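# A closer look at the structure
Chain by chain, the residues run as shown.
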Amino acid sequence: MKNLLPLLISISLFSCSPEETTQPQNTEQNYTTTLSSIVLNDYLTTPAIDVPLGSLFYQNVPYGTDQRQVIDIFLPPSDSGFSVTELDVIDYKDMILNIHDGDFKTGDKSAAYYADNEIHTYLSNNIAFVSMNYRFLNTSEQDTKGVTTSFKDAENVLNFIRTNTNKLKIDSNRVFIRGNGFAGSSITQYLLSQPFYSSKVKGISMNDPMSSLDFLDFNDTFSAFDFDLYSFISEQDEQMIAGLYGGVQISQLENDEPIIKNREIASFTSAYENFTGRVRITAIDYNVPYQTLENVKHLIRHQLHSIEIYNKASLQGLHVDAQIPHLHLQNDQSELDFILDTFL
């Protein structure tokens, strides 16, 4: 009888539904055994912000083994309004996944907690809020993964939520993603380019997004400027750009097969092809002129990225709410109202 116990546990973890059996295997590491045994109450604490009475806050819950692979989870109160443990949360919640910016080098999940305390409103509307940290770029010559490590971390977070859906009472098929800046918007669009995860996403909101993280795509995006990447960038820029794909030299972008593959993954070519959710875009960096390209910051933050995303999403017939000054577009709704309407 004792020998059957591991088998029974394994069966119970992986027999949730026919749909879940199609979940892609994590090629980096099998986290299932470790993460399924997590006791959530070990991470239950008092949040630093005001939340509705009975809300639950789990801080620094690990979804992997690296110190950066942690999430914070805010759960709404139960219908009774007297939740004190995870057992009191009885109905399945919609979920917001927050992905911070920091150019894949800096930043923290807690940055989202203090902007007008919108989390309080989400929790009051029975929406869970999950904010993730992710592994930063590793610029050592031994690393050949680049930003795809951060991309995989976002997958790992969604896999963790699915694995623990009965503990968290979160509906992992109803997710809204907030992606901030260079890094957050790139991770968001990577998830959209993966059909398994895209099908779970009901809407996205991106501030100062990039239309692609493949810098060679910018030869087309900025063709009106007679732009050529290799002529435009400095030697320092070359190292930064190559590092995004796990390389150390700019020549690897077109000559090194693993780097080419990572660059193609970062292009988000199919991000909007199969997506059926709602899209909110906000181009907010007014310090970047439209008519000139002076440096790589202008290249990254330029409104043309938002315009390209707007055109792609609109061509697919998606609902798009955009603030793009060059097109004289203003958001019809605040981000908070847009998210609430998405879950109606």
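This write-up is about the structure you can find in this document. (Residues numbered from 1 in each chain as written. Predicted model: local features only at pLDDT ≥ 70, side-chain atom pairs only at ≥ 80, totals over all residues. Heavy atoms only, no water.)

### Concerning helix α4 (residues 148-163)
With 16 residues, α4 should cover 22 Å at 1.5 Å per step; its first-to-last C-alpha distance of 22 Å lies within 8% of that length. The element α4 is largely enclosed, with a buried count of 14 among its 16 residues. (Helix = DSSP H or I, 4+ residues; strand = E, 2+ residues; numbered from the N terminus. Expected span 1.5 Å × (residues − 1). Buried < 20%, exposed > 50% of the residue type's maximum accessible area, 1.4 Å probe, protein only.)

### Focus: the nonpolar core
Of all hydrophobic cores here, the largest spans 75 residues; its most connected members are I71, L97, F104, L213, F215 and Y272. In this structure, V51, I96, F129 and L336 belong to the second largest nonpolar core, which totals 18 residues. (Core = buried A, V, L, I, M, F, W, Y, C linked by side-chain atoms within 4.5 Å.)

### Considerations on the packing of aromatic side chains
Under the counting rule described, the total for this entry stands at 18 aromatic pairs. Residues F222 and F227 carry aromatic rings whose centres are separated by 5.9 Å and whose planes lie at 55° to one another, so their mutual orientation is tilted. Among the residues examined, F227 registers a relative accessible area of 9% and is labelled buried. Cluster of aromatic residues (ring-pair linked, three or more members): F104, Y134, F136, F151, F182, Y190 and F268. (Phe/Tyr/Trp six-rings, centres within 6.5 Å; stacked < 30°, edge-to-face > 60°.)

### Considering the pattern of salt bridges
Applying the stated criterion to the full structure yields ten salt bridges. Among the ionic pairs, R301 bridges to D101, the shortest N-O distance being 3.5 Å. Taken together, the positions of R301 in helix α13 (residues 296-301) and D101 in the loop between β3 (93-99) and α3 (118-124) put the pair 200 residues apart, joining distant regions of the chain. Assessed through its relative accessible area of 17%, R301 is described here as buried. (Salt bridge = Lys/Arg side-chain N within 4 Å of Asp/Glu carboxyl O.)

### Looking at empty space enclosed by the protein
Taken as a whole and assessed by the stated rule, the structure comprises one cavity of 30 Å³ or more. Lining the largest cavity we find L158, I161, R162, S172, V175 and K200. Broken down by secondary-structure element, the contributors of at least two residues to the lining of the largest cavity are α4 and β5 (170-180). At three residues, α4 tops the list of elements feeding residues into the lining of the largest cavity. Looking at side-chain class alone, the lining of the largest cavity contains three nonpolar, one polar and two charged residues. (1 Å grid on protein atoms, 1.4 Å probe; cavity = no way out; pocket = protein on both sides within 12 Å on 5 of 7 lines; lining within 4 Å. Points joined across faces, edges and corners; volume = space filled by probe spheres on them. Nonpolar A, V, L, I, M, F, W, Y, C, P; charged D, E, K, R; others polar.)

### Description of the pairing of strand β7 (residues 278-282)
The element β7 is extensively covered by neighbouring structure, given that five of its five residues are classed as buried. Alternating residues of β7 divide into R278, R280 and T282 and V279 and I281, and every residue in both groups is buried. Relative to β7, strand β6 (residues 201-207) is paired through five bridges, and the arrangement is parallel. Paired with N207 across the two strands is T282, which belongs to β7. Sheet analysis places β7 next to strand β8 (residues 320-323), joined by four bridges and oriented parallel. Each bridged residue has a counterpart across the sheet, and for V279 the counterpart in β8 is V320. (Pairing = 2+ DSSP bridges.)

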